[in-house]
Amino acid sequence: MLAEDYDALLLDLDGTVYRGGTPVAGAVPTLSRLRAMPVSVRYVTNNASNRPEQVAEKLNSMSIPATSSDVSTSAQAGAALLAERLTAGDSVLVLGTEALAEEVVSRGLRPVRSADETPVGVLQGHSEATAWRDLAEACLAIRAGAVWVACNRDTTLPTERGELPGNGALVAALEVATGRSPVVAGKPEKPLLSHAAVGTTKPLFVGDRLETDTAGARGADMCSMLVLTGVSGAADVLAAPPEARPDYLAADLTALCAPVEESAITPQPEWKAEVTGDGMTLSAPEARHRREQASRQASPREDLAALRSLCAVWWSAAGGPVRVRSGDRRAQRALYRLGLDSGTDR
């Protein structure tokens, strides 16, 4: 199985393991099974709002085994980055939760909440309580020359209600207001992933966002798997630039306990993907096509196989956004379910 090829699995949380307070389908049995295997399972999150202990408690409440030592957060990485740039005892304006302030204290720095205390650093992480007054204090400190570190730049946060504003949306607001940009600790930058991978030799990173998870893994020289349970969808992965392309593509985490060939991005024998003059055409070999016509059944696994075949061919040929056409009814149905169908050739 895929997990056996690696000595550590680094798993994103929001959109990969859970959405808000609900586990993603298949996550609980898969992670329980992985815990019984000789592979290290670690959780890596760009969300800086909670302490590692709180993250572990949340996972355990969902019947997903975890301890605080299994968790790496962008709050930890952000505080470490500031500590490298400041002197012990320096004041840091914290734009985020008390958990983020605690990480500042753990690095020998002094957290404050007002620009009137002349902070020499600003650490910004996600908090549902962040208001205009908080942004105003950070704006003043940044304009005065404080070293600005953002825990992450995710513009949205996946929840069970849908995608909501993430830390990156408020980082963007401060960039507009100050004319400056922060140093970033979380994915896709290296600090968080380097911290999470300590002691491993061959880790696999698993996430749901191309621009942070798979791009971060590539930047850190790690293999990656993209799961379609969060932000990035089929059209996004097909159009992904080289620096954000995953090595594996799966519906969800259950692929970690399945054979490698069920998620590897290679041409698939049951599908024929061809580059045409104005894009690509997908079709099914006649024998398989006749079997589906007889049963009228389709499986998500077959749809993902079609997408992996399209990616393998398109990435090697050109890459970028592409028009995909179906060459037969089976392909048309698969592309429709993937949200990729642009028409049919016959």
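Everything in this summary refers to the structure shown in the same document. Owing to the predicted nature of the structure, the values given are computational and were not obtained by experimental measurement.

Conventions used here
- Residues numbered from 1 in each chain as written.
- Predicted model: local features only at pLDDT ≥ 70, side-chain atom pairs only at ≥ 80, totals over all residues.
- Heavy atoms only, no water.
- Helix = DSSP H or I, 4+ residues; strand = E, 2+ residues; numbered from the N terminus.
- Rg over C-alpha atoms; globule rule 2.2 N^0.38 Å.
- Lys, Arg positive; Asp, Glu negative; His and termini not counted.
- Charge placed at Lys NZ, Arg CZ, Asp CG, Glu CD.
- Expected span 1.5 Å × (residues − 1).
- Buried < 20%, exposed > 50% of the residue type's maximum accessible area, 1.4 Å probe, protein only.
- Arc of directions from axis to C-beta.
- Contact = heavy atoms within 4.5 Å.
- Polar contact = N/O pair within 3.5 Å; in protein donor to acceptor, adjacent residues only side chain to side chain.
- Axes fitted to C-alpha atoms, helices over the stretch in contact; angles between N-to-C directions.
- Parallel < 35°, antiparallel > 145°, perpendicular 65-115°, else oblique.
- Nonpolar A, V, L, I, M, F, W, Y, C, P; charged D, E, K, R; others polar.
- Pairing = 2+ DSSP bridges.
- Phe/Tyr/Trp six-rings, centres within 6.5 Å; stacked < 30°, edge-to-face > 60°.
- Lys NZ or Arg CZ within 6 Å of the ring centre and 35° of its normal.
- Salt bridge = Lys/Arg side-chain N within 4 Å of Asp/Glu carboxyl O.

A short note on the overall build of the protein chain
Next up, step 1: Each helix and strand in the protein chain was counted, giving twelve helices and 19 strands.
Next up, step 2: Its C-alpha atoms give the protein chain a radius of gyration of 22 Å, near enough to 20 Å, the size a compact globule of 346 residues would have.
Next up, step 3: Its C-alpha atoms give the protein chain principal-axis dimensions of about 75 × 45 × 35 Å.
Next up, step 4: Charge centroids of the protein chain, computed over 35 positive and 43 negative side chains, lie 5 Å from each other.

Regarding helix H6 (residues 167-178)
Next up, step 1: Here H6 contains twelve residues, and its C-alpha end-to-end distance of 17 Å stays within 8% of the 16 Å for a straight helix at 1.5 Å per residue.
Next up, step 2: Taken residue by residue, H6 has Asn-167, Gly-168, Val-171, Leu-174, Glu-175 and Thr-178 as its buried positions. Angular distribution of buried residues about the axis of H6 spans 115°; they occupy a single face of the element.
Next up, step 3: As for H6, its buried residues are in contact with strand E6 (91-95), strand E8 (121-124), helix H5 (132-143) and strand E9 (147-150).
Next up, step 4: Where H6 ends, the next residue or the one after it, Gly-179, has phi of about 75°, a positive value.

Re the side chain of Arg-209
Next up, step 1: Position of Arg-209 among the secondary structure elements: in the loop between strand E13 (203-207) and helix H8 (210-219).
Next up, step 2: With relative accessibility at 4%, the residue Arg-209 sits in the buried group.
Next up, step 3: In this structure the side chain of Arg-209 is engaged in a polar contact, spanning 3.3 Å, whose partner is the side chain of Glu-211.
Next up, step 4: With residues up to four places along the chain from it excluded, the contact list for Arg-209 reads Asp-154, Thr-155, Thr-156, Pro-158, Thr-214, Leu-226, Val-231 and Ser-232.

Side note on the packing of helix H11 (residues 300-317) against helix H12 (residues 329-338)
Next up, step 1: Direction vectors running N to C along H11 and H12 enclose 90°, while the axes themselves pass 9 Å from each other. Judged on the interaxial angle alone, H12 and H11 are roughly perpendicular. Residues Glu-302, Asp-303, Leu-307 and Leu-310 of H11 touch H12, and the partners they reach there are Arg-330, Ala-334, Leu-335, Arg-337 and Leu-338.
Next up, step 2: Residue composition of the contact of H11 with H12, by class: five nonpolar, no polar and four charged.

Describing the environment of Leu-204
Next up, step 1: By the secondary structure assignment, Leu-204 is in strand E13.
Next up, step 2: In this structure Leu-204 comes out as buried when scored by relative accessible area, which is 0%.
Next up, step 3: Sequence separation between Leu-204 and Asp-5 is 199 residues, and the spatial gap between their C-alpha atoms is 8.9 Å.
Next up, step 4: Apart from the residues within four sequence positions on either side, Leu-204 is in contact with Leu-2, Tyr-6, Ala-8, Leu-9, Leu-10, Cys-223, Ser-224, Met-225, Tyr-248 and Leu-256.

Digging into the sheet that holds strand E1 (residues 8-12)
Next up, step 1: With parallel pairing, six strands are arranged side by side in an open sheet as E5-E4-E1-E13-E14-E15. The open sheet terminates on both sides in strands that have one partner only, identified here as strand E5 (71-73) and strand E15 (248-250). Shown here is a sheet whose adjacent strand axes are inclined to one another by a mean of 20°, direction ignored.
Next up, step 2: Across the sheet, helix H1 (residues 27-35) lies against E1 and strand E4 (40-45), angled at about 135° from E4, the strand it touches most.

A look at the packing of aromatic side chains
Next up, step 1: A complete count under the given rule lists one aromatic pair for this structure.
Next up, step 2: A ring pair is formed by Tyr-6 and Tyr-248, whose centres lie 6.4 Å apart and whose planes are at 90°; its orientation type is edge-to-face. Separated by 242 residues along the polypeptide, Tyr-6 in the segment before E1 and Tyr-248 in strand E15 bring together distant segments of the chain. Like Tyr-6, the residue Tyr-248 is buried in the burial classification.
Next up, step 3: The residue whose ring lies beneath Lys-58 is Tyr-18, and the NZ or CZ to ring-centre distance is 4.0 Å.
Next up, step 4: A cation sits over an aromatic face here: Lys-202 above Tyr-6, 5.1 Å from the ring centre.

Digging into the pattern of salt bridges
Pairing between side chains becomes possible if they bear opposite charge and their charged atoms approach one another.
Next up, step 1: Taken as a whole and judged by the stated rule, the model has 13 salt bridges.
Next up, step 2: A salt bridge links Glu-175 to Arg-153, with the nearest nitrogen and oxygen atoms 2.7 Å apart. Separated by 22 residues along the polypeptide, Glu-175 in helix H6 and Arg-153 in the loop between E9 and strand E10 (156-159) bring together distant segments of the chain.
Next up, step 3: On the basis of relative accessibility, which here comes to 16%, the residue Glu-175 falls in the buried class.
Next up, step 4: What makes Arg-153 partly exposed here is its relative accessible area of 35%.
Next up, step 5: Of the charged contacts in the structure, one is a salt bridge between Glu-211 and Arg-209, with a shortest N-O distance of 3.3 Å.
Next up, step 6: Given a relative accessible area of 42%, Glu-211 falls into the partly exposed group.
Next up, step 7: Each of Asp-12, Lys-187 and Asp-213 takes part in one network of salt bridges that share partners.

Some words on the sheet that holds E6
Strands pair in a sheet through their backbones, by hydrogen bonds, and they do so in one of two ways: parallel or antiparallel.
Next up, step 1: As summarised here, the arrangement of the five strands in space is E7-E6-E8-E9-E12, forming an open sheet in which the pairing is parallel. Two strands in the sheet have a free side with no partner beyond their single neighbour: strand E7 (110-112) and strand E12 (183-184).
Next up, step 2: The sheet contact formed by E6 and E8 spans four bridges and is parallel. Bridge pairing links Val-92 to Gly-121 in E8.
Next up, step 3: Here H6 sits on the sheet in contact with E6, E8 and E9, set at roughly 155° to E9.

Honestly, it's all geometry; don't read function into it.
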